Amino acid sequence: MPLSRQCEYSSRRSGGGSPRRVRGRLRGGARRRSPGRGPSHGEGAGEAFPTASPRAEKNLAKSAGLLLTSLAALYLGYFCAAFVSKETIATSIVNFRDIGKKPVLRAPVPKRQKCDHWSPCSPGNYTYRILSGGGKGRLAKICFEDELLISEERGNVGRGINIAIVNYKTGKVTSAKFFDMWEGEHSGEMMTLIKNAPEGSLLLMVTHDDGSTRLQKDAKKLLEELGSKEIQNMKFRSSWAFIAAKGFKLPDNIQKEKINHSDKKNNRYSGWPAEIQIEGCIPRNLI
């Protein structure tokens, strides 16, 4: 018989308190046993030790794993501090921070071409570029096959008309001079240089500052015979660039001449017009 029934029965026989009071005392004084946790040897034995639930075992395993992971991370940190350099660690941290950043797409740097052309000349061609002077600080330049024939760096550029003569067969410069057309009488000297240039020569010419004041009419006529269409229009401080051939004809589709006149309203520099340039490619099989 269950314990509550025995107590109730004994109370009735002895004339004790009511069954409700007895049950109340039992609830307050004795711990209820849940089903399946009763004594192992009958009703009179004491309670058995409770067993751990599956959830508690799982939480215990997680705690143990977290502890082991923390210890491993600690020892790994000591290892890195002892054997890995600070520079390597700093670089790794920076790279890790940059993972989330969007990659920046940059256009590749264009390859430099001969004489600073935008596009290269085809094989079997000479490359040339003639740049006039602009103001006092920008001196004239003549470049042929990526070699500066006349320039400030070479120290052979000056006021007036600058001329470089190139052997067409070899591509090598044979003469490079400038003739002052503001002071002195150098027009005749320039004509002598041009007339003495051998057949099969390229003549590259460009002005810096003034190239017209003391340029004589016979010198203009000589340049006109070489193919210049602008030499008769040259004025004070006009920017002028010109390329010609002696003893053979240059192709019609290349830049041969350009001029820019001084204009007080439109001059880029004080008293000087903007510099001009001509450039192109000359086939090597014209002779």
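Up top you'll find the structure we're talking about.
Worth saying up front: this structure is predicted, and the values here are computed from it rather than measured.

**Overview of the pairing of strand S4 (residues 160-167)**
- For S4, a buried count of seven out of eight residues is recorded, marking the element as mostly surrounded by other parts of the structure.
- Relative to strand S5 (residues 173-179), S4 runs antiparallel, the two being bridged by six bridges. For Ala164, the partnering residue across the bridge sits in S5 and is Ala176.

**Digging into unusual backbone geometry**
- In this model, Asp146 sits at a positive phi of 65 degrees, which is unusual for a non-glycine residue.
- Assignment of secondary structure puts Asp146 in the loop between strand S2 (141-144) and strand S3 (147-150).
- Here Asp146 falls in the partly exposed class, since its relative accessible area comes to 35%.
- In this model, Arg237 sits at a positive phi of 60 degrees, which is unusual for a non-glycine residue.
- Within the secondary structure, Arg237 is located in the loop between helix H6 (217-225) and strand S7 (239-246).
- For Arg237, a relative accessible area of 18% puts it in the buried group.

**Side note on the state of the cysteines**
- On inspection of all chains with the given rule, the structure shows two disulfides.
- Bridging Cys115 to Cys143, the disulfide has an S-S length of 2.1 Å. In this structure, the disulfide formed by Cys115 and Cys143 twists by about -80 degrees around the S-S bond and is classed as left-handed. Placement of the pair is Cys115 in the loop between helix H4 (86-97) and strand S1 (125-131) and Cys143 in strand S2, with a sequence separation of 28 residues.
- Taking the relative accessible area as the measure of exposure, Cys143 reaches 7% and is therefore buried.

**Considering the sheet that holds S7**
- Here five strands make up an open sheet; going across it, the order is S5-S4-S6-S7-S8 and the pairing antiparallel. Among the strands making up the open sheet, the edge pair consists of S5 and strand S8 (257-260). Neighbour-to-neighbour, the strand axes of this sheet turn through a mean angle of 15 degrees, independent of strand direction.
- Of the pairings in the sheet, the one linking S4 to strand S6 (residues 201-208) comprises eight bridges and is antiparallel in character. When the bridges of S6 are listed, Ile165 appears paired with Leu203.
- Sheet strands in contact with helix H5 (residues 187-196) are S4, S5, S6 and S7, and its direction is about 15 degrees off that of S4.

**So, the pattern of salt bridges**
- Across all of its chains, the model carries 11 salt bridges by this definition.
- A salt bridge links Asp146 to Arg112, with the shortest nitrogen-to-oxygen separation between them at 2.9 Å. With Asp146 in the loop between S2 and S3 and Arg112 in the loop between H4 and S1, the pair connects residues that are 34 residues apart, well separated along the chain.
- With its nearest N and O atoms 2.9 Å apart, the salt bridge here joins Glu145 to Lys114. Taken together, the residues Glu145 in the loop between S2 and S3 and Lys114 in the loop between H4 and S1 connect sequence positions 31 residues apart.
- When salt bridges that share partners are traced, they join Arg112, Asp116 and Asp146 into one network.

**A few points about the nonpolar core**
- Counting 23 residues, the largest nonpolar core has Tyr128, Ile130, Leu202, Leu204 and Ile282 as the members making the most contacts within it.
- Mapped onto this core, the elements with two or more residues apiece are S1, S2, S3, S4, S6, S7 and strand S9 (277-283).
- In this view, Tyr128 contacts His117, Cys143, Phe144, Leu204, Ile243, Ile254, Gln255, Ile278, Glu279, Gly280, Cys281 and Ile282; residues no more than four positions away in its chain are not counted.
- In terms of nonpolar packing, the next biggest core, distinct from the first, is built from 22 residues, Leu193, Ile194, Leu223 and Phe242 among them.

**Section: the sheet that holds S2**
- Pairing is antiparallel across the open sheet formed by four strands, whose spatial order is S3-S2-S1-S9. With one partner strand each, in any of the chains shown, S3 and S9 form the two edges of the open sheet. The sheet shows a mean angle of 20 degrees between the axes of neighbouring strands, taken without regard to direction.
- Pairing geometry for S1 and S2, over four bridges, is antiparallel. By the bridge assignment, Ile130 is partnered in S2 with Ile142.

**Overview of the side chain of Ser228**
- As for its position among the elements, Ser228 is in the loop between H6 and S7.
- Among the polar contacts listed, one links the side chain of Ser228 to the side chain of Glu257, at a separation of 2.6 Å.
- Those residues in contact with Ser228 that lie beyond four places of it in its chain are Leu223, Trp240, Phe242 and Glu257.

Reading the values: rules and limits
Residues numbered from 1 in each chain as written. Predicted model: local features only at pLDDT ≥ 70, side-chain atom pairs only at ≥ 80, totals over all residues. Heavy atoms only, no water. Buried < 20%, exposed > 50% of the residue type's maximum accessible area, 1.4 Å probe, protein only. Helix = DSSP H or I, 4+ residues; strand = E, 2+ residues; numbered from the N terminus. Pairing = 2+ DSSP bridges. Disulfide = S-S within 2.5 Å. Axes fitted to C-alpha atoms, helices over the stretch in contact; angles between N-to-C directions. Contact = heavy atoms within 4.5 Å. Salt bridge = Lys/Arg side-chain N within 4 Å of Asp/Glu carboxyl O. Core = buried A, V, L, I, M, F, W, Y, C linked by side-chain atoms within 4.5 Å. Polar contact = N/O pair within 3.5 Å; in protein donor to acceptor, adjacent residues only side chain to side chain.

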